[in-house]
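# Breakdown of the fold
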Amino acid sequence: MLPKNNNKIEKQLRKKAGEKVYARGVGYFNNKKIFNLTVEKFEDQNNYLSISGEVYGDDIYVGNFIFDLKKNIILDNCCDCPYVGFCKHTVALALEFNDRILNK
Ligand SMILES: [Zn+2]
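The following refers to the structure shown. (Residues numbered from 1 in each chain as written. Predicted model: local features only at pLDDT ≥ 70, side-chain atom pairs only at ≥ 80, totals over all residues.)

## A short note on the overall build of the chain
Basically, it comes down to this: Each helix is a run of H or I in the DSSP string that is no shorter than four residues. Each strand is a run of E no shorter than two, and both are numbered from the N terminus. Our radius of gyration looks at C-alpha atoms and nothing else; its globule reference is 2.2 Å times the residue count to the power 0.38. To assign burial, the other C-beta atoms lying within 10 Å of each residue's own C-beta are counted, with C-beta atoms placed from the backbone; 20 or more indicates buried, 12 or fewer indicates exposed, and intermediate counts indicate partly exposed. A residue pair is marked as a contact if its C-beta atoms, positioned from the backbone, fall within 7 Å.
A count of helical and extended segments in the chain gives three helices and four strands. For the chain, the C-alpha radius of gyration of 12 Å lies close to 13 Å, the compact-globule estimate for 104 residues. Along the first, second and third principal axes, the C-alpha set of the chain runs to 35 × 25 × 25 Å. Evaluated residue by residue, the chain yields a buried proportion of 33% over its 104 residues. Long-range pairs, those at least 24 residues apart, make up 47% of the contacts in the chain with a sequence separation of at least 6.

Rendered as structure tokens:
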């Protein structure tokens, strides 16, 4: 099942990660594999947020991305897993952020 709020973030994630990786991230999200979600503001950039969290897959990985609140876009991302590119952990993290913070 996909997250119910079909919005701009989902489209971005699909595009950034590709359908296959996106689907795996959705799996993590649906199975509630994201822990310690933290959202931090930048002191000098009010409209930017830094989002981090742990994703429990085969291993525990810490993902992070920067979100532009004004434009509703994901600007930058990183994760400590070996995958090169936009990984399933960051997809899961972004879906969790979307669900818990943005869609409140
Ligand atoms: Zn990752």
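Read on, since the account is not over.
## Here we look at the nonpolar core
Rules: Only buried Ala, Val, Leu, Ile, Met, Phe, Trp, Tyr and Cys residues enter a nonpolar core, and they are joined through C-beta atoms within 7 Å.
Within the largest apolar cluster, 24 residues are counted, with the highest numbers of intra-cluster contacts made by Val 91, Ala 92, Leu 93 and Ala 94. Every element with two or more residues in this core is listed here: helix H1 (8-17), helix H2 (19-30), strand S2 (48-56), strand S3 (60-68), strand S4 (73-79) and helix H3 (88-102). For this core, the element with the most residues is H3, which contributes six residues. The residues contacting Ala 92, other than those within four sequence positions of it, are Gly 25, Tyr 28, Phe 29, Lys 33, Ile 34 and Val 55.

## Details of unusual backbone geometry
Phi is positive for Asn 36, close to 50°, though the residue is something other than glycine. Mapped onto the fold, Asn 36 is located in strand S1 (residues 34-41). What makes Asn 36 exposed here is the crowd of 9 C-beta atoms within 10 Å. Even without a glycine there, the phi angle at Asn 72 is positive, about 60°.

## Considering the environment of Ser 52
Checked against the element boundaries, Ser 52 lands in strand S2. The exposure class of Ser 52 is partly exposed, given the 17 C-beta atoms found within 10 Å. Along the chain, Ser 52 and Ile 66 lie 14 residues apart, while their C-alpha atoms are 9.0 Å from each other. Ignoring any residue separated from it by four or fewer positions in sequence, one finds Ser 52 in contact with Thr 38, Val 62, Gly 63 and Asn 64.

## Thoughts on H3
For the record, the criterion: Expected span, for any helix, means 1.5 Å times one less than how many residues it has.
For H3, spanning 15 residues, the distance from its first C-alpha to its last is 20 Å, which sits close to the expected 21 Å at 1.5 Å a residue. In terms of residue burial, H3 counts as a mostly covered element, since eleven of its 15 residues are buried. Among the residues of H3, Lys 88, His 89, Thr 90, Val 91, Ala 92, Leu 93, Ala 94, Leu 95, Glu 96, Phe 97 and Asn 98 are the ones counted as buried. Looking at the buried side of H3, the elements it contacts are H1, H2, S1, S2, S3 and S4.

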